[in-house]
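Fold and geometry: a report
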Amino acid sequence: MEPARTLKILWRRRRLVVLGAAIALLAALLSIYRVGFLPPSLESRNNVFATASSEILVDTPRSAFADFSFDLEPLDTRAAVFARFLASPAAVALIAEEAELPFNAIEAQGPFELNLPEVQQAPTAEKRSSQILGEGALYRLRFENNPSLPIVSVHAQAPEREQAAALAKAAPAALSAYIERIQAEQRTPVNRQVEVRQLGNTTGGTVNEGANLQIATLVFLVVLGGWCMLLIPARTIARGWRGAGGEGEPSRNGSGGRNGRGRAEDALRTGRPRQRTG
């Protein structure tokens, strides 16, 4: 169908086009917002999120990195233990308190073994169930540990950049405060203490920035285009129904569309012989 004819049909049915635009706008809003009814609420979907990362160094009060006589293997073991501890509910509660975020909205995972077979790396049913529950979490933490280095990597995800940075920064601070409290309670000698500090500054940024606008625009165009495509066949179908309704009308010569068989039946009823034609 020619573009000019298509535009002409849509212009004649412009009220329906406006209705379709309203439906498309509603669909676009629902694609980026989650609507609640009891109570009424409008919550943005997590199409755009922010990430941040930091690193935790497990060291001694007299830095082992500055003294060649120190053995780093015990620190490597401590780093692996701390990485597993940070993913526990107790540590997540400390991190949530430090970052001033709700504890039940944070999901933590890790660390993952690098050299294990794939069968052993697969999560158990219990662990997978907790992961499924955490897939809807607003804030996420993932901890990684290199067995050959006393360093724990922290990766945080949140809806906003400031929240992700606060979450990544809160992990080393919470771990440090926890270890210092235990060492003070147990009166651990200084030469046997472990010191935890953050390496460098927290880094991060926004992921999928502008995705909400792109998704809403795409949904609006697809819904509106589909609606307009339905309007044109609807007009054609309506025209066909009107044409089908006029098939039984009398013809121009007044015969009413009756054929020779119909005239023969009339002649039998009246007793008159049927005149031959031609």
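Please refer to the structure higher up on the page.
A closer look at the packing of aromatic side chains
Summed over the entire model, instances satisfying the criterion amount to one aromatic pair. Between Phe85 and Tyr178, the ring centres sit 4.8 Å apart and the planes meet at 20 degrees, which makes this aromatic pair stacked. A residue pair is termed long-range when its members are at least 10 positions apart, and Phe85 in helix H3 (residues 73–86) and Tyr178 in helix H7 (residues 161–186) qualify at 93 residues. The partly exposed category is assigned to Tyr178, whose relative accessible area is 25%. The positively charged end of Arg14 is found above the aromatic ring belonging to Trp11, 4.4 Å away from the centroid.

A word on the pairing of strand S5 (residues 139–145)
The side-chain alternation of S5 yields one buried face, formed by Tyr139, Leu141, Phe143 and Asn145, and one unburied face, formed by Arg140, Arg142 and Glu144. By the bridge criterion, four bridges tie strand S4 (residues 106–109) to S5 in an arrangement that is parallel. From the neighbouring strand, Gln109 faces S5, where its bridge partner is Arg142. When S5 meets strand S6 (residues 151–158), the two strands line up antiparallel, connected through six bridges. Looking across to S6, one finds that Glu144 is bridged to Ser153. As consecutive antiparallel partners, S5 and S6 are separated by five residues.

Re the nonpolar core
Leu86, Ile95, Ile106, Leu141, Phe143, Leu167 and Leu175 are the most contacted members of the largest nonpolar core, which totals 37 residues. Sorting the residues of this core by element identifies strand S3 (49–59), H3, helix H4 (89–99), S4, S5, S6 and H7 as the ones contributing at least two each. Those residues in contact with Leu175, other than ones at most four positions away along the chain, are Ile56, Phe82, Phe85, Leu86 and Val196. Ala24, Cys228, Leu231 and Ile232 belong to the second largest nonpolar core, which has seven residues in total.

Considering unusual backbone geometry
Of the consecutive residues Gly110 and Pro111, the connecting peptide bond is found in the cis state with omega at -10 degrees. Relative to the helices and strands, Pro111 resides in the loop between S4 and helix H5 (118–121). Although it is not a glycine, Glu100 sits at a positive phi angle of roughly 60 degrees. Position of Glu100 relative to the elements: it lies in the loop between H4 and S4. Residue Arg187 is not a glycine yet carries a positive backbone phi of 55 degrees. Residue placement: Arg187 occurs in the loop between H7 and strand S7 (195–207).

A few points about a nonpolar patch on the surface
Where nonpolar side chains cluster on the molecular surface, the patch consists of Leu26, Leu30, Val35, Phe37, Leu38 and Leu42 and spans about 700 Å² of accessible area. Looking at the nonpolar patch, the elements with two or more residues in it are helix H2 (14–32) and strand S1 (33–37). Of note, Leu30 is situated in helix H2. Note on Leu30: relative accessible area 41%, which makes it partly exposed.

Here we look at the environment of Pro147
Within the fold, Pro147 resides in the loop between S5 and S6. Taking relative accessible area as the criterion, Pro147 reaches 53% and is therefore assigned exposed. When the C-alpha positions of Pro147 and Thr77 are compared, they lie 7.6 Å apart, and in sequence the two are 70 residues distant.

Section: H7
Relative to the 38 Å expected for 26 residues at 1.5 Å per residue, H7 spans 38 Å between its end C-alpha atoms, a close match to the ideal helical length. Every buried residue belonging to H7 is among Ala164, Leu167, Ala168, Ala170, Ala171, Pro172, Ala174, Leu175, Ser176, Ile179 and Gln183, and all of these are buried. Downstream of H7 by one or two residues, Arg187 has phi in the positive range, about 55 degrees.

Reading guide: rules and limits
- Residues numbered from 1 in each chain as written.
- Predicted model: local features only at pLDDT ≥ 70, side-chain atom pairs only at ≥ 80, totals over all residues.
- Heavy atoms only, no water.
- Phe/Tyr/Trp six-rings, centres within 6.5 Å; stacked < 30°, edge-to-face > 60°.
- Helix = DSSP H or I, 4+ residues; strand = E, 2+ residues; numbered from the N terminus.
- Buried < 20%, exposed > 50% of the residue type's maximum accessible area, 1.4 Å probe, protein only.
- Lys NZ or Arg CZ within 6 Å of the ring centre and 35° of its normal.
- Pairing = 2+ DSSP bridges.
- Core = buried A, V, L, I, M, F, W, Y, C linked by side-chain atoms within 4.5 Å.
- Contact = heavy atoms within 4.5 Å.
- Patch = residues over 30% accessible without salt bridge, like charges linked within 9 Å, V, L, I, M, F, W, Y side chains within 5 Å.
- Areas by Shrake-Rupley, 256 points an atom, 1.4 Å probe, with all protein chains shown as cover.
- Salt bridge = Lys/Arg side-chain N within 4 Å of Asp/Glu carboxyl O.
- Expected span 1.5 Å × (residues − 1).

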